[in-house]
Amino acid sequence: MSSFDVPLFLQQLRHAGCSLGEPLTYLQQTDSTNTQAKVAARAGGAHGSCFVADEQTAGRGRQGRHWHSDPAENLLFSILLKPTLPPQKLSPLTLVVGLGVRDALSRHTHAKLELKWPNDIVVGSPDLAGKSIKPKLAGILTESELTSDAAAGHPAVIVGVGINVLTRRFPDELRDIATSLKMLRKADAHEVSREELLVDLLRSIEGALARYEEHGLREIVPELIQHDALKGRQVRVDGKLGTAQGIDDQGQLLLKVDGQLEAIHSGTVEWS
Ligand code: BTN
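Nothing here was measured: the structure is a model prediction, and the numbers come from that model. (Residues numbered from 1 in each chain as written. Predicted model: local features only at pLDDT ≥ 70, side-chain atom pairs only at ≥ 80, totals over all residues. Heavy atoms only, no water.)

Asker: Just checking my understanding: could you explain the packing of aromatic side chains for this structure?
Answerer: We describe a pair of aromatic rings using the distance from one ring centre to the other and the angle between the two ring planes. Scanning the entire structure with this criterion turns up two aromatic pairs. Where Phe4 meets Phe9, the ring centres are 5.5 Å apart and the plane angle is 50°; that geometry is what we call tilted. One aromatic cluster in this structure is built from Phe4, Phe9 and Tyr26. (Phe/Tyr/Trp six-rings, centres within 6.5 Å; stacked < 30°, edge-to-face > 60°.)

Asker: What's the story with the layout of surface pockets in this structure? I'm lost.
Answerer: Empty space within the largest pocket amounts to approximately 810 Å³. What lines the largest pocket is a set of 38 residues, among which Arg65, His66, Trp67, Asp120 and Lys136 lie closest to the centre. Secondary structure elements with two or more residues in the lining of the largest pocket: α2 (33-42), β3 (75-81), β5 (120-123), β6 (136-145), β7 (156-163) and β12 (269-271). When residues of the lining of the largest pocket are assigned to their parent elements, the largest contribution, four residues, is made by β6. Looking at the lining of the largest pocket residue by residue, the classes come out as 16 nonpolar, 14 polar and eight charged. Taken together, 27 residues make up the lining of the second largest pocket; nearest its centre are Leu90, Ser91, Pro92, Thr94 and His265. Ranked by the residues each element gives to the lining of the second largest pocket, the list is headed by β6, at five residues. (1 Å grid on protein atoms, 1.4 Å probe; cavity = no way out; pocket = protein on both sides within 12 Å on 5 of 7 lines; lining within 4 Å. Points joined across faces, edges and corners; volume = space filled by probe spheres on them. Helix = DSSP H or I, 4+ residues; strand = E, 2+ residues; numbered from the N terminus. Nonpolar A, V, L, I, M, F, W, Y, C, P; charged D, E, K, R; others polar.)

Asker: I tried to follow empty space enclosed by the protein on my own but got confused; where do I start?
Answerer: The method is simple in principle: a probe with the dimensions of a water molecule rolls over the atoms, and the space it marks as empty is what remains. Overall, the coordinates contain two cavities of 30 Å³ or more when judged by the stated rule. Around the largest cavity sit Leu95, Leu115, Lys116, Trp117, Leu224, Asp228 and Ile247, which together line it. Split into classes, the residues belonging to the lining of the largest cavity amount to five nonpolar, no polar and two charged.

Asker: I keep staring at the sheet that holds strand β4 (residues 113-116) and nothing clicks. Help me out?
Answerer: The strands making up a sheet are joined through hydrogen bonds of the backbone, oriented either antiparallel or parallel. Judged by pairing direction, the sheet is mixed, and its seven strands sit side by side in the order β1-β2-β3-β7-β6-β5-β4 without closing on themselves. With partners counted over all chains shown, the strands left at the sheet margins are β1 (24-30) and β4, one partner each. Each adjacent strand pair in this sheet contributes to an overall mean axis angle of 20°, direction not counted. By the bridge criterion, four bridges tie β4 to β5 in an arrangement that is antiparallel. Counted as the bridge partner of Lys116 is Asp120 from β5. In the packing of α2 onto the sheet, contacts are made with β1, β2 (50-56), β3, β6 and β7, and the angle to β3 comes to roughly 20°. (Pairing = 2+ DSSP bridges. Axes fitted to C-alpha atoms, helices over the stretch in contact; angles between N-to-C directions. Contact = heavy atoms within 4.5 Å.)

What is shown is where atoms sit, not what they do.
Here it is in structure tokens:
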């Protein structure tokens, strides 16, 4: 894949009238775009600033996991957000952004994309129904950072998104659990443009955030439920075995454990 075309991206972004994505920092190689966005947040960086990299040497996922991506195959970016939301309304942001990412990616594949609570975009195509694992297409890592201008108590929120775009072959340990847009498309489908895809993602994330800021989570929850990858599946959440029963109006995962319904605020879900 060729280098990210910054002028082309900016032209398309401005044409779309999107408020996220500028200023843009494009890095051929960096440690982690989330780390770069955090540094910018501490230095007073603007809401909407975006960091894109072709390659990360220390890309990370949730729970300190390593995020694998071969150079220049995928879309790796972080957005610096300064939402004017009270602190208790920040934790659902991963779900809100996840919905925006799912919707945008759905316009680039015929596969049925679903949200695996709380931060993964997975493929739930009917032909995969017999398998217990729905392969992962994208992941989101949300981190908050206190900034010098956080006088009103609003921390900056860094939203990092990793999307498998052109990967054709994953390392052995990911082969059965990951997929890419390229692998999901028909062989003759036109190549995905990372610039166009990023503009689409930013617009979709911007829209989801605006809806959340204006109407709260109740506006978003019906769509989270509609695209829930876990509903009815047996899963393990931080070691606890149960059956996923949906998502409640606070964005918590509902898990039935030994006949009792539990609402899980945060955790890592494994297919079982
Ligand atoms: C996960 O699945 O646990 C979240 C993965 C998030 C990966 C992205 S890639 C761009 C940004 N920079 C990082 O270091 N992580 C996020």
